Amino acid sequence: KVRFWIDGREVVAEEGISVLEAAHRVGIEIPSLCYLKNINEIGACRVCMVEIEGSKNLQAACVYPVSAGLKVRTSTPRVLRARRTVVELLLSDHHRECTNCIRNLNCELQHLADTLGIRNIRFTGETSNYPIFNKNPFIVRDYNKCIKCRRCEAICSKVQEVHVYSAQNRGFNTVIAPSFMKDLAEVACITCGQCVIACPTASLVEKECIDEVWQALADPDKYVVVQTAPSIQVTLGEVFGLPVGTVVTGKLVASLRRLGFDRVFATDFTADLTIMEEAHELLERLEGRGGPLPLLSSCSPGWIKFCEHFYPEFIPNLSTCKSPHEMFGAITKTYFAQKEGLDPKKIVVVAVMPCTAKKFEASRPEMGSGEWKDVDFVLTTRELARMIRQAGLNFRQLPDEEYDTPLGIASGAGTIFGATGGVVEAAVRTAYALTHGREMGVIDFEEFRGISGVKEAWVELKGRRIKVAIAHGTGNARKVLDRMKAGEPFDYVEIMACPGGCVGGGGQPIFGSRDHKEISLDYRHNRADALYRIDYSRRIRLSHENPAVQKIYAEFLGAPLSETANKLLHTHYTP
Ligand code: HC1
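Residues numbered from 1 in each chain as written. Predicted model: local features only at pLDDT ≥ 70, side-chain atom pairs only at ≥ 80, totals over all residues.

Asks: Can you help me understand the site of the ligand in this one?
Replies: Taken together, 20 residues surround the ligand, and among them A229, S231, C299, H325 and C502 come closest. Elements with a minimum of two residues in the shell around the ligand: α9 (267-286) and α11 (324-340). When residues of the shell around the ligand are assigned to their parent elements, the largest contribution, 3 residues, is made by α9. Here the shell around the ligand is built from residues that sort into 10 nonpolar, 8 polar and 2 charged. (Near = placed C-beta within 6 Å. Helix = DSSP H or I, 4+ residues; strand = E, 2+ residues; numbered from the N terminus. Nonpolar A, V, L, I, M, F, W, Y, C, P; charged D, E, K, R; others polar.)

Have a look at this one:
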């Protein structure tokens, strides 16, 4: 450790950490735009400049290492003047339409301009004028709001290892974009939306479908059913100022009812159904039937697309189960429609998902009956929050209400799907009970939990030990897939495209600049903890014990992997 001074305060920290990090630790926030801890430490934006005693020039705090005796000044008039100049220059070529911008009040550039007290922009001249790139159903790109911080590129390349973005063109015309400035739909983008989470402005945003949902809600001829992904109940509250990890299930349901949805259901229910199908599929494959091992989980559409682009040889290994979100649509337009005497063509299924890839998944030709799409509209967590605001609901004062039945009944196993490791844990709980003919004494698998990039464990099933692996974030997935390619045997592998699983999805609330510096998995960890708390609090914690799941098999599906189940709940991806 070394001793040094920041703004006259003595600080002791490890030699070599950045001035920005050291200042942050002692409560001094040095503003920045391009910095993402451990991911994008490139000193590019020059917003974090500080004075270093003995150095003629100002230095970028994010890349300047601390050393013994260093004396740093973080807010002298010279520093503030330089920061203002940098931000003014950025703003001089930025489409400043804050009032009608999707990131209004959540934009790091706007926040910075406010913090620095920028009241006018001295620089005028050439401005960019790109068309909006929105040909795909998931992400909209507006280069007129790109500040070239390269955070999208960093997260896409270093965390997800997908490498969609790089600097295109030169000088004033530089943009961070896919090659030849193609639309994201035209390149190997996996639609995960991690770039949207990383973007400090509205240069990358989800493709909204709020207006279409309002229209469906207002149409008396439509019956509008909503499903909420497991993780929404632990993240929506953040948008309304509640601490990370607050469980808001009851208020989430109440808000959806007040928005006018005819039924409010939970994707957790079809997560239980997925487990019934996937656990049986796993047991079949362990017996040498139904497909190769390892069985690869298939509920994360970003992961499916990653597999299709980069590891097509493993497509036959993918579970044939549709994701719970798609199963929900299929069940609603068949089983539920029959029970309620509704015309499936008049049912509109809206899904609230933490995910931009779910928008893509809903548009896939595999996901429907031919007559209808399983899911009609996908709203991200952020879009739902906007609708709640538009409706003038005071979210924090809403009462706690219960999901509707029967598609709102879920076990704790269905809920933990939202955290990395949750799918495997839920499946193993059920597969174990199915093979042992009795419930396990212990159903909590701590080894499947937590935020390590790759987790591995052995589980005893069908008289043999099976090897399980769990990866979250496609960069981590590569590690497991490459080992598989090299011949290492696994039996069951869960892959979620987003770091942390769905709790870290590309449609989740975006933290402001301060928290974004800590791109560590901490906040995802808190969200996941909340899901496990819900699991512990549930009377039923095993998917096969969900009475609504038992009923749907008795009344409609017959048995797992039956003909009806196969027709509605399974699909095939083709290499
Ligand atoms: Fe997920 Fe899933 S858990 S994929 O992470 O299997 O998006 O939350 O809804 O479909 O249930 C997302 C979350 C979600 C599906 C389930």
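Read on for the rest.
Asks: What is the right way to look at the confidence of the model for the protein chain in this model?
Replies: Should the pLDDT be low somewhere, the predicted coordinates at that spot are not to be read in detail. With 97% of its residues at a pLDDT of at least 70, the protein chain reaches an overall mean of 93. Ignoring residues within four places in sequence, the model shows residues 516-521, a span with pLDDT below 50, making 13 contacts including any to other chains. For this predicted complex, the interface confidence score (ipTM) comes to 0.93, while the overall pTM stands at 0.95. (pLDDT = per-residue confidence, 0-100. Contact = placed C-beta atoms within 7 Å.)

Asks: Where do I start with the sheet that holds strand β4 (residues 59-60) in this structure?
Replies: Strand pairing in a sheet relies on backbone hydrogen bonds. The paired strands run either parallel or antiparallel. Pairing in this open sheet of 5 strands is mixed, and the strands run β2-β1-β5-β3-β4 from one edge to the other. Pairing within the sheet leaves two strands with one partner each, and these edge strands are β2 (9-13) and β4. Across 2 bridges, strand β1 (residues 2-6) lies against strand β5 (residues 71-73) in parallel orientation. Counterpart to W5 in the pairing with β5 is K71. Helix α2 (residues 77-92) contacts β3 (49-52) and β5 of the sheet and is inclined by roughly 155 degrees relative to β3. (Pairing = 2+ DSSP bridges. Axes fitted to C-alpha atoms, helices over the stretch in contact; angles between N-to-C directions.)

Asks: What's the story with unusual backbone geometry in this structure? I'm lost.
Replies: Apart from glycine, the bulk of residues carry a negative phi angle, and the bulk of peptide bonds sit in the trans form. Following L293, the chain continues into P294 via a peptide bond in cis, with omega recorded as -5 degrees. Looking at the secondary structure, you find P294 in the loop between α9 and β12 (295-296). Each neighbour pair has its own omega, and for T405 with P406 the value is 0 degrees, a cis peptide bond. You can see P406 is positioned in the loop between α13 (381-390) and α14 (412-415). Although it is not a glycine, K148 sits at a positive phi angle of roughly 60 degrees. Looking at the element boundaries, K148 is found in the loop between β6 (139-141) and α4 (151-159). You can call K148 partly exposed: it has 18 C-beta atoms within 10 Å. Although it is not a glycine, H163 sits at a positive phi angle of roughly 60 degrees. Tracing the sequence through the fold places H163 in the loop between α4 and β7 (166-168). (Buried ≥ 20, exposed ≤ 12 C-beta atoms within 10 Å, placed from the backbone.)

Asks: How should I be thinking about the nonpolar core in this particular structure?
Replies: Most often, soluble globular proteins have nonpolar side chains that are buried together. V19, C48, A61, C152, V226, V350 and A427 are the most contacted members of the largest nonpolar core, which totals 167 residues. The element contributing the most residues to this core is α9, with 9 residues. Excluding its chain neighbours within four sequence positions, the residues that come into contact with V226 are L256, F261, V264, F265, V350 and V352. (Core = buried A, V, L, I, M, F, W, Y, C linked by C-beta atoms within 7 Å.)

Asks: I keep staring at the domain arrangement of the protein chain and nothing clicks. Help me out?
Replies: By convention, interface size is frequently given as the accessible area that disappears when the constituent parts associate. By the assigned domains, the protein chain splits into domain 1 (2-75), domain 2 (125-206) and domain 3 (211-569). In this structure, domain 1 and domain 3 have C-alpha centres spaced 42 Å apart. (Domains from an automatic or database assignment.)

Asks: Please clarify how the sheet that holds β12 should be interpreted in this entry.
Replies: In space, the 4 strands of this open sheet follow the order β12-β17-β16-β15, with mixed pairing throughout. Unpaired on one side and paired on the other, β12 and β15 (454-461) mark the two borders of the sheet. As defined by bridge partners, β15 adjoins strand β16 (residues 464-472) across 8 bridges and the pair is classed as antiparallel. When the sheet's bridge partners are listed, V459 is paired in β16 with I466. Here helix α15 (residues 422-436) sits on the sheet and contacts β15, β16 and β17 (492-496); the angle it forms with β15, its principal contact strand, is near 5 degrees.

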